[in-house]
Amino acid sequence: MLQGHAHLTDFNIATRLPPDGLACSMSGTKPYMAPEVFMCALEEIAGYSYPVDWWSLGVVAYELRSGVRPFVVHSSTPLAEVKNVLNTQPHYPRHWSDHFVDLLSKLLNVHPGARISTLKELHLTKLLRGTDLERVLAKRTNPPFKPSKDHLNCDPSLELEEMIVETKPLHKKKKRLAKQRSVHRENSDQLHSQLDTQLLKEFLVYNRYKELKRKAMEAKESEWQQELDQAMANSHVSSPADRALSPISERTEQASGVSSAAGSTDGPVEPIPVPGAAGTAGRTGPDGPIDYIDRTPSPKSSI
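Residues numbered from 1 in each chain as written. Predicted model: local features only at pLDDT ≥ 70, side-chain atom pairs only at ≥ 80, totals over all residues. Heavy atoms only, no water.

(A) Spotlight on the overall build of the chain. The number of helices and strands found in the chain is 10 helices and two strands. Starting at the N terminus and walking to the C terminus, you meet the elements of the chain as α-α-α-α-α-α-α-α-α-α-β-β. Contacts in the chain between residues far apart in sequence, at least 24 positions, make up 58% of those at least 6 positions apart. Split by element, the accessible area of the chain, about 24100 Å² in all, is 56% carbon and sulfur. (Helix = DSSP H or I, 4+ residues; strand = E, 2+ residues; numbered from the N terminus. Contact = heavy atoms within 4.5 Å. Areas by Shrake-Rupley, 256 points an atom, 1.4 Å probe, with all protein chains shown as cover.)

Right under this line is the structure:
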């Protein structure tokens, strides 16, 4: 625009359509949107195509010429009311040339099929029929107006006049998407944590090192138990009652056996008195020596 060659571009929410394809989203700024966009939002038609862009061009051309828009539509206007407003004929001032009105009427046609939709149809209008569009696109024409480079040539407040028809404005899209990704990541982490907890409850984590250690400990405990059982089986513990009632003859035989092995002389073996046996040592009965030691405790002497 610094050299006087103006460009109209708005690719914020532009899309590419396949051949014979239709768009069906409710996107754009209401005062510049074609009637079929609102009809699609109201589910009156299946979708719309490229003729909606040529309608927007007609709205911009009307606004550049008069300073106001051809239709009184705001961002808060209901969809059904917007559709009715756009179906009315816009007002064209009398001092406008017939060629310019002819161009606008063909751009602002409510029927997409009758609307200008190609560069060739645009060149066939009365206003642009004598214009060399190739020289214009190549910027070889001399513009009638060149803006000044010393100051701003537009009012920046106009950028905030209309809100984009979305849940939130596009200038906050980057921040909004970052927040959505953060929330999605947190939800994903929470879901994975819940799944991990459920899996841990249903499945045990196998640790080969711990399993081998557990088996080795079980083998050692089993070996220790076997050694203990064998030691208990080989040991014999006699009770005090058995020792008190043991026959003297057995002890005498054992003692004589020991003395015989030590090389004692032949002859009769006399019983060996047991010291400490109260009232039994050296006693004989009518049938022979006493066979048992009387270990009954002696009565305590009274002082």
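(B) Structural detail: the pattern of salt bridges. Evaluated as defined, the whole model comprises five salt bridges. In this structure, the salt-bridge partner of Lys83 is Glu44, at a minimum N-O distance of 2.9 Å. Here the residue Lys83 occupies a position in helix α3 (residues 79–86), and Glu44 occupies one in the loop between α1 (35–41) and α2 (51–66), the gap between them amounting to 39 residues. The closest approach of N and O atoms between Lys106 and Asp102, which form a salt bridge, is 3.6 Å. Of this pair, Lys106 and Asp102 both sit in helix α4 (residues 98–107), four residues apart, which is roughly one turn of that helix. When its relative accessible area of 16% is taken as the criterion, Asp102 is described as buried. Taken together, the salt bridges that share partners define one network made up of Glu211, Arg214 and Glu218. (Salt bridge = Lys/Arg side-chain N within 4 Å of Asp/Glu carboxyl O. Buried < 20%, exposed > 50% of the residue type's maximum accessible area, 1.4 Å probe, protein only.)

(C) Representation of the packing of aromatic side chains in the model. Evaluated as defined, the whole model comprises five aromatic pairs. Here the aromatic rings of Tyr92 and Trp96 are separated by 6.4 Å at their centres, their planes lie at 55 degrees, and the arrangement is tilted. (Phe/Tyr/Trp six-rings, centres within 6.5 Å; stacked < 30°, edge-to-face > 60°.)

(D) Just the packing of α2 against α4, in detail. Close contact between α2 and α4 brings their axes to 8 Å; oriented N to C, the two are set at 145 degrees. You can see that α2 and α4 cross each other, and the crossing is left-handed. Counted together, Trp54, Trp55, Leu57, Gly58, Ala61, Tyr62 and Arg65 of α2 and Phe100, Leu104 and Leu107 of α4 form the full contact between these two elements. Residue classes in the contact of α2 with α4 are distributed as eight nonpolar, one polar and one charged. (Axes fitted to C-alpha atoms, helices over the stretch in contact; angles between N-to-C directions. Left-handed = near helix turned anticlockwise from the far one by under 90°. Nonpolar A, V, L, I, M, F, W, Y, C, P; charged D, E, K, R; others polar.)

(E) Up close: the nonpolar core. Judged by nonpolar contacts, the single largest core of 22 residues is most densely connected at Tyr48, Trp55, Leu86, Tyr92, Trp96 and Leu104. Residue assignment for this core shows that the elements contributing at least two residues are α1, α2, α3 and α4. Looking at which element gives the most residues to this core, the answer is α2, with five residues. Trp54, Leu107, Leu122 and Leu128 belong to the second-largest nonpolar core, a separate cluster that totals six residues. (Core = buried A, V, L, I, M, F, W, Y, C linked by side-chain atoms within 4.5 Å.)

(F) Focus on α3. Along α3, the positions that sit buried rather than exposed are Val82, Lys83 and Leu86. Buried residues of α3 fall within an arc of 100 degrees about the axis and therefore sit on the same side. (Arc of directions from axis to C-beta.)

(G) Here's a closer look at unusual backbone geometry. Positive phi is not limited to glycine here, since Asp20 has a value of about 60 degrees. Relative to the elements of secondary structure, Asp20 occurs in the segment before α1. Here the phi dihedral of Glu43 falls at roughly 65 degrees; this positive angle occurs in a residue that is not glycine. Inspection of the secondary structure assignment puts Glu43 in the loop between α1 and α2.

(H) Representation of the environment of Pro147 in the model. Of note, Pro147 is situated in the loop between α6 (133–137) and α7 (173–202). A relative accessible area of 9% means that Pro147 is categorised as buried. Distance in space between the C-alpha atoms of Pro147 and Gln3 is 7.4 Å, their sequence separation being 144 residues.

Scope: geometric values only; no functional claims are made or implied.
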